[in-house]
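Okay, here's what each chain looks like letter by letter:
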Amino acid sequence: KDAIGRQWQCGTMQVDFSMPQRLGAEYVGEDGARHNPVMLHRAIVGSLERFIGILIEEHAGALPTWLAPVQVAVLNITDAQSEYCREIAAKLKKSVPNQELRVITDLRNEKITRKIREHSMQKLPYILVIGDKEKEAGTVAVRARGNLDLGVMSLDAFVQKIAGDIAHKL
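Residues numbered from 1 in each chain as written. Predicted model: local features only at pLDDT ≥ 70, side-chain atom pairs only at ≥ 80, totals over all residues. Heavy atoms only, no water.

### Here we look at the overall build of the protein chain
Reasoning step 1: A tally of regular secondary structure across the protein chain gives six helices and nine strands.
Reasoning step 2: Expected size for 170 residues packed as a compact globule is a radius of gyration near 15 Å; at 25 Å, the protein chain overshoots this value by more than 25%.
Reasoning step 3: Seen along its three principal axes, the alpha-carbon backbone of the protein chain occupies a region of about 85 × 35 × 35 Å.
Reasoning step 4: Counting every position in the protein chain, which comprises 170 residues, the buried fraction comes to 31%.
Reasoning step 5: Residue pairs at least 24 apart in sequence account for 57% of intrachain contacts in the protein chain once pairs closer than 6 positions are excluded. (Helix = DSSP H or I, 4+ residues; strand = E, 2+ residues; numbered from the N terminus. Rg over C-alpha atoms; globule rule 2.2 N^0.38 Å. Buried < 20%, exposed > 50% of the residue type's maximum accessible area, 1.4 Å probe, protein only. Contact = heavy atoms within 4.5 Å.)

### Things to note about unusual backbone geometry
Reasoning step 1: Of note, Lys 123 is a non-glycine position whose phi angle comes to about 60°, a positive value.
Reasoning step 2: Mapping Lys 123 onto the fold places it in the loop between α4 (112-121) and β7 (126-130).
Reasoning step 3: Its identity is not glycine, yet Asn 147 carries a phi of approximately 65°, on the positive side.
Reasoning step 4: Mapping Asn 147 onto the fold places it in the loop between β8 (139-144) and β9 (148-154).
Reasoning step 5: Its relative accessible area of 53% is what places Asn 147 among the exposed residues.

### Focus: the pairing of strand β5 (residues 72-76)
Reasoning step 1: Buried residues dominate β5, accounting for five of its five residues.
Reasoning step 2: By the alternation rule, side chains of β5 split into Val 72, Val 74 and Asn 76 and Ala 73 and Leu 75, which are all buried.
Reasoning step 3: As paired strands, β5 and strand β6 (residues 103-106) are joined by four bridges and run parallel to one another. Across the sheet, residue Val 74 finds its bridge partner in β6, namely Thr 105.
Reasoning step 4: Here five bridges tie β5 to β7, and the two strands are oriented parallel to one another. (Pairing = 2+ DSSP bridges.)

### Brief notes about the nonpolar core
Reasoning step 1: Val 72, Val 74, Ile 88, Leu 92, Leu 128, Val 140 and Phe 158 are the most contacted members of the largest nonpolar core, which totals 22 residues.
Reasoning step 2: With residues near it in sequence (within four places) discarded, Val 74 still touches Cys 85, Ile 88, Ala 89, Leu 92, Val 103, Ile 104, Thr 105, Asp 106, Leu 128 and Ile 130.
Reasoning step 3: Core analysis: the next-biggest nonpolar cluster, separate from the first, contains eight residues, Ala 73, Ile 112, Ile 116 and Ala 141 among them. (Core = buried A, V, L, I, M, F, W, Y, C linked by side-chain atoms within 4.5 Å.)

### Notes on the packing of aromatic side chains
Reasoning step 1: Tallied over the entire structure, the rule returns one aromatic pair.
Reasoning step 2: A centroid spacing of 5.2 Å and a plane angle of 85° characterise the contact between Tyr 126 and Phe 158, whose relative ring orientation is edge-to-face. Highlighted residues: Tyr 126 in strand β7 and Phe 158 in helix α6 (residues 155-167), separated in sequence by 32 residues.
Reasoning step 3: The buried category is assigned to Tyr 126, whose relative accessible area is 4%.
Reasoning step 4: Residue class for Phe 158 comes out buried when judged on its relative accessible area of 0%.
Reasoning step 5: Over the ring of Trp 66 we find Lys 169; its NZ or CZ atom is 4.7 Å from the centre of that ring. (Phe/Tyr/Trp six-rings, centres within 6.5 Å; stacked < 30°, edge-to-face > 60°. Lys NZ or Arg CZ within 6 Å of the ring centre and 35° of its normal.)

Pasting the structure below:
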């Protein structure tokens, strides 16, 4: 069942009588005559697209941190924090041992509320908001999926949090 209660079938086994005829497939039987075979189609998960669709439905689009295509978005409030945002993103990408975090920066000249809303709608696990206070203190303001404000923390503390999420498959 998916997140809204629908049932899905992944694996399939199909018996196909018409495709071999359309392909012109034949074999010579024990009786010496030509026969059309019966084709069996088997798919353990149906198709990759079907599986991904079911996975997205199961999580209602909010994939776990370890699986999310984008794990963190780093947003600046004004252009004054752009370089610091780039530095944070670069450090995050290299911060978790044996894994490169999937991080994007949003340095557009848009209101911060609009940027937060857009990334929240994408159901990203974490959004880091960087203003002058965070830049001066060398910290990040962390928002988790579901519009949860986790407050301001050091980059190391955030790395420990996200690394824990990934290690525990959250």
